Amino acid sequence: MTTTSGSGRPLLNRRLTEFGTTIFAEMSALAVTTGAINLGQGFPDTDGPESVREAAVRALRDGRGNQYPPGPGVPELRTAIAAHQLARYSLTYDPDREVLVTAGATEAIAASLLALVEPGDEVIALEPYYDSYAASIALAGGTRVPVTLRPADGRFRLDLDELRDAITPRTRLLLLNTPHNPTGTVLTRAELTEIARLAVERDLLVVTDEVYEHLVFDDAEHIPLASFPGMRERTVTIGSAGKTFSFTGWKVGWLTAAPELVAAVRSAKQFLTYVSSGPFQYAIAEALALPGSFFADFRADLRAKRDLLCEGLTAAGFDVYRPAGTYFVTTDIRPLGESDGFAFCRALPERAGVVAIPNAVFYDHREAGAPFVRFAFCKRTSVLEEAVARLKALAG
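Procedures and definitions
- Residues numbered from 1 in each chain as written.
- Predicted model: local features only at pLDDT ≥ 70, side-chain atom pairs only at ≥ 80, totals over all residues.
- Heavy atoms only, no water.
- UniProt positions renumbered as here; feature names shortened; annotations may be inferred.
- Buried < 20%, exposed > 50% of the residue type's maximum accessible area, 1.4 Å probe, protein only.
- Helix = DSSP H or I, 4+ residues; strand = E, 2+ residues; numbered from the N terminus.
- Arc of directions from axis to C-beta.
- Contact = heavy atoms within 4.5 Å.
- Pairing = 2+ DSSP bridges.
- Right-handed = clockwise from strand over helix to strand, strands pointing away.
- Expected span 1.5 Å × (residues − 1).
- Salt bridge = Lys/Arg side-chain N within 4 Å of Asp/Glu carboxyl O.
- Phe/Tyr/Trp six-rings, centres within 6.5 Å; stacked < 30°, edge-to-face > 60°.
- Lys NZ or Arg CZ within 6 Å of the ring centre and 35° of its normal.
- Core = buried A, V, L, I, M, F, W, Y, C linked by side-chain atoms within 4.5 Å.
- Axes fitted to C-alpha atoms, helices over the stretch in contact; angles between N-to-C directions.
- Parallel < 35°, antiparallel > 145°, perpendicular 65-115°, else oblique.
- Nonpolar A, V, L, I, M, F, W, Y, C, P; charged D, E, K, R; others polar.

The name an unreviewed UniProt entry gives the protein is Pyridoxal phosphate-dependent aminotransferase, with Streptomyces anatolicus as the organism. Reading the Cofactor (unreviewed entry) entry of the UniProt record for the protein gives the comment "pyridoxal 5'-phosphate".

*Asks:* Describe helix α14 (residues 381-391), naming the residues involved and giving the relevant values.
*Replies:* Taken together, the buried positions of α14 are occupied by Val383, Leu384, Ala387, Val388 and Leu391. Projected down its long axis, α14 carries its buried residues within an arc of 135°, all on one side. Of the surrounding secondary structure, the elements contacted by the buried residues of α14 are β1 (37-38), α11 (292-316), α12 (341-352), β13 (354-355) and β15 (372-376).

*Asks:* Residues and numbers for the pairing of strand β4 (residues 143-148), please.
*Replies:* Within β4, 5 of the 6 residues are buried, which leaves it mostly tucked inside the rest of the structure. Note that strand β3 (residues 122-127) and β4 share 6 bridges and pair parallel. Note that in β4 the partner of Val123 across the bridge is Arg144. Between the parallel elements β3 and β4, the chain passes through helix α5 (residues 131-139) in a crossover that is right-handed.

*Asks:* How would you sum up α11? Please name residues and give values.
*Replies:* Side chains three or four residues apart in an α-helix point the same way, a direct result of the helix having 3.6 residues per turn. The terminal C-alpha atoms of α11 lie 36 Å apart, and with 25 residues this matches the ideal 36 Å at 1.5 Å per residue to within 8%. The set of residues buried in α11 consists of Phe294, Phe295, Phe298, Arg299, Leu302, Lys305, Arg306, Leu309, Cys310, Gly312, Leu313 and Ala316. One or two residues past the end of α11 sits Gly317, with phi positive at roughly 115°.

*Asks:* Any details on the pattern of salt bridges? Residues and values, ideally.
*Replies:* Across all of its chains, the model carries 28 salt bridges by this definition. Taking the shortest distance from any N to any O, the salt bridge between Glu98 and Arg232 comes out at 2.7 Å. Remark: Arg232 occurs in the loop between β8 (205-209) and β9 (235-240) and Glu98 occurs in the loop between α3 (75-89) and β2 (99-102); sequence separation between them is 134 residues. Taking the relative accessible area as the measure of exposure, Arg232 reaches 24% and is therefore partly exposed.

*Asks:* Residues and numbers for the packing of aromatic side chains, please.
*Replies:* Aromatic ring pairs are reported here in terms of the distance separating the ring centres and the angle at which the planes meet. Evaluation of the coordinates by the stated rule reveals 18 aromatic pairs. When the centroid spacing of 5.8 Å and the interplanar angle of 80° are considered together, the rings of Tyr130 and Tyr133 count as edge-to-face. Aromatic pair Tyr212 and Phe328: ring centres 6.1 Å apart, planes at 80°, arrangement edge-to-face. Of this pair, Tyr212 sits in the loop between β8 and β9 while Phe328 sits in strand β12 (residues 328-332), placing them 116 residues apart in sequence. This pair shows no difference in class: Tyr212 is buried, exactly as Phe328 is. Above the plane of the ring of Phe295 lies Arg88, whose end atom (NZ or CZ) is 5.5 Å from the centre.

*Asks:* Got a sec to walk through the nonpolar core? Specific residues and values, please.
*Replies:* With 71 residues, the main nonpolar core has Leu173, Leu175, Ile238, Leu348, Phe375 and Leu391 as its most contacted residues. Among the nonpolar cores identified, the runner-up in size contains 30 residues, and Val74, Tyr89, Val252 and Ala287 belong to it.

*Asks:* Which residues make up unusual backbone geometry, and what values go with them?
*Replies:* Cis rather than trans, the peptide bond between Thr178 and Pro179 has omega equal to -10°. Tracing the chain through its elements places Pro179 in the loop between β7 (171-177) and α7 (189-201). Geometrically, the link from Asn181 to Pro182 is a cis peptide bond, its omega value of 20° lying close to zero. Structurally, the position occupied by Pro182 is in the loop between β7 and α7. One non-glycine residue, Lys251, lies in the positive phi region at around 55°.

*Asks:* Before we move on, could you go through the UniProt feature "domain: Aminotransferase class I/classII large" (unreviewed entry) in the protein and cite the residues and values that matter?
*Replies:* Annotation from UniProt places "domain: Aminotransferase class I/classII large" (unreviewed entry) at residues 36-391. Between the end C-alpha atoms of residues 36-391 the distance is 11 Å, and the span holds 41% helix and 18% strand.

*Asks:* Talk me through the packing of α11 against α14; I want residue IDs and the actual numbers.
*Replies:* Across the interface, α11 lies against α14 with an axial gap of 9 Å and an inter-helix angle of 5°. Looking at the two axes, α11 sits roughly parallel to α14. Contacts from Lys305, Leu308, Leu309, Gly312, Leu313 and Ala316 in α11 reach Thr381, Leu384, Glu385, Val388 and Leu391 in α14. Counted by class, the contact of α11 with α14 contains 7 nonpolar, 2 polar and 2 charged residues.

*Asks:* Quick rundown of the sheet that holds β3? Include the residues and the values.
*Replies:* The mixed open sheet is built from 7 strands, whose spatial order is β2-β10-β9-β8-β7-β3-β4. Bordering the open sheet on either side are β2 and β4, each of which pairs with just one other strand. Between one strand and the next, the sheet's axes are offset by a mean angle of 20°, whatever the strand orientation. Direction of pairing for β2 relative to strand β10 (residues 253-256): antiparallel, over a ladder of 4 bridges. Bridge pairing in β10 places Val99 opposite Thr256. Each of β3, β4, β7 and β8 is contacted by α5, which is oriented at about 160° to β7, the strand it contacts most.

Below, the structure is given as C-alpha cells:
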C-alpha cells in the first residue's frame, strides 16, 4: 500500500512520523522466531487471583457491564477507587466527580494530555520514559522537554536543578512516573517535596503515572504527589489494575483529580473509547477490596523474583541497578564489552536465548540510554531460572 496520497502528502499524521513499529513488537517477534525467553515486554505469564477472575465471570453471567457502562465508569468501581485512595494515602475523592475509569493507564495518559495540552505548550517528562508519553504529547501538539534520570550510587536519580532549569514560561505540565519504568527508581519524599514546590511556584499542572504503586520493595515508599501541599488541585493521578492484579488484558485504568480536571479529561476521553471493559470493572472493584495480605504477598513474590534475576544478571557480567519498584531491572552492558543496546538486544536471542529491551528507545537523548538494557521479572520462577541459566553463556 502506498504511504502517500495522490497529492504526495504522507498518509500518516506528521506528528506521528517519528513513531514506527514499537521495539516491543520487534523483540517479541524475535522471541517467537528464535524460541527465546521473552523478558522484554512487561506482562505476567500467569493470571491474577482466581476470585477476581470469577468476579468477572459472575458479572458477565449477571448481565452487568455487557452493554455500555456509564461514561465515568461503573459506580462500584469508582467507589472502590476512592476508598483505596483514602485507605492507603488519606486522600479523599468524590466517586461521582473526582474519579474517571479509562481503558487502561495508556488511555488515561493520552486523554489527560489531549485535554490539558495545546500546540506550543511544553511538557516536561523524565527520561527514560514509557513510549506512549512521547506519542501522546505529539498528538496533543505539545513540545516534549526531557529531563534525564542519571545513574549514581546504584540507582537512577533525578537532578532537581536540571528539572528547575527545564521549566520555562511555555511549560504547561509535568509528566511524572513513580515507581519509574524502566529504571525502577522510586522518587523520594525529598524529591517529591521539591517537585511539588516547583509546581506550585510556577503554577504547573502535573500528571503522575502511578501504576506500579503497589510494587515497591525494601525501604522504598510510594507517596502520591497529590498528597503534598498545594498539589491536589493541580494533579491528575493515574492508576491501573493490570500491573497490580496481573490482568493486563482487561485494560482497566483510572484517574483521580479535582472536579475541574476530571471534567476536562473526560471531555477528551469520551471521544477515544467512550467506555470499555464493562464486566471487568465490577471485578476490579472487588479486587481493590482484597485484604492487605494480598498486596504484601504479591510484593514478596516479586521481590524474590527481582533478586533471582538481578543475581543472575550480575553473574552473567552485567552492571545491575537493583530496582526499588516496578517489575523491571535496568542493566549496563559495558562490562560485557558492549555499548550499543539495540545491537546487543537484537543479537541476544541467538547468543543466549533471552529477549530484552534496549532502554535507548525510551530516550530523546539516545546516547544517554545507549548502554542500558531492561529485563522484566514478572514471570514464573522456573522461567526466570531458565533465563538466568541461559545468560551464563555471556560470562563465557
